[in-house]
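Commentary on secondary and tertiary structure
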Amino acid sequence: MDTEPIVLDGFLEEATVPGDLHGSTARFRLTVSPTDERTDEMILPCGVTDPALALAVIHDLAPGDKLRVTGYLRLPRTPQEPVWLAVTTLAVLETAPLLTDPATDATAVLERFGPYLCYFDADTTGVEVFTETGQPVGTAPDPDKIGALLDAFEERQAAGGE
């Protein structure tokens, strides 16, 4: 029975790895999302056995690249075997952006300090602080003042205030 190859678009999940000691095969994981629903996403293990294609996969791809792969779905024969795609062709649709300094592209960051969450917005110097349950603690005028804000909040809590 002849089977038709399938074509999938997805993003390279993580760095590729050689499938053998000589680098004549390669393995990678592709995140495939046929719809915009997060619940429809899946991570599909892929394997390349063509030595020339494997060399390109190992050396030319970066995590986050958008790929179009063509291949044959290999279903498990035993419960211990995984489902995987035997890739026969591969095309890079978009390369992942190179982030030399991720902090310059970030607009906001949420950090945990023990039982507190701090919201740092790149557009302001103020830092909003919340308890892990979502109760507002207050706004520190700048990151150096977070400790003083937390001390004052804990003193109020110990005194039976707020």
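Here, every reference points to the structure presented above.
Read on for a plain summary of the structure. (Residues numbered from 1 in each chain as written. Predicted model: local features only at pLDDT ≥ 70, side-chain atom pairs only at ≥ 80, totals over all residues. Heavy atoms only, no water.)

**Quick notes on the pattern of salt bridges**
- Applying the stated criterion to the full structure yields 3 salt bridges.
- In this structure, Glu14 and Arg29 form a salt bridge, with 3.1 Å as the shortest nitrogen-oxygen distance. A residue pair is termed long-range when its members are at least 10 positions apart, and Glu14 in the loop between strand E1 (6–12) and strand E2 (17–18) and Arg29 in strand E3 (residues 26–32) qualify at 15 residues.
- Linking Glu132 and Arg112 is a salt bridge whose minimum nitrogen-to-oxygen distance equals 3.0 Å. (Salt bridge = Lys/Arg side-chain N within 4 Å of Asp/Glu carboxyl O. Helix = DSSP H or I, 4+ residues; strand = E, 2+ residues; numbered from the N terminus.)

**Overview of the environment of Cys118**
- Structurally, Cys118 can be placed in strand E8 (residues 116–121).
- Among the residues examined, Cys118 registers a relative accessible area of 0% and is labelled buried.
- Those residues in contact with Cys118 that sit more than four places away from it in its chain are Val109, Leu110, Glu111, Phe113, Val127, Glu128, Val129 and Ile146. (Buried < 20%, exposed > 50% of the residue type's maximum accessible area, 1.4 Å probe, protein only. Contact = heavy atoms within 4.5 Å.)

**Side note on the pairing of E1**
- Across 6 bridges, the pairing between E1 and strand E5 (residues 66–74) is antiparallel. The residue bridging Leu8 from the neighbouring strand is Val69, located in E5.
- Bridging between E1 and E3 involves 2 bridges; their strand directions are antiparallel. Of the residues in E3, the one forming a bridge with Leu12 is Leu30. (Pairing = 2+ DSSP bridges.)

**Here we look at the pairing of strand E4 (residues 42–48)**
- Where E3 lies against E4, 7 bridges are found, and the strand directions are antiparallel. Bridging from a neighbouring strand, Ala26 pairs with Val48 of E4.
- Pairing analysis gives 3 bridges linking E4 to strand E6 (residues 84–94), with the strands arranged parallel. Of the residues in E6, the one forming a bridge with Cys46 is Leu85.

**Considerations on the nonpolar core**
- Ranked by internal contacts, the top residues of the largest apolar core, which has 17 residues, are Phe28, Val48, Val69 and Val87.
- For this core, the element with the highest residue contribution is E3, accounting for 4 residues.
- Those residues in contact with Val69, other than ones at most four positions away along the chain, are Ile6, Val7, Leu8, Phe28, Leu30, Leu85, Val87, Thr89 and Leu90.
- In terms of nonpolar packing, the next biggest core, distinct from the first, is built from 11 residues, Phe120, Ala140, Ile146 and Leu149 among them. (Core = buried A, V, L, I, M, F, W, Y, C linked by side-chain atoms within 4.5 Å.)

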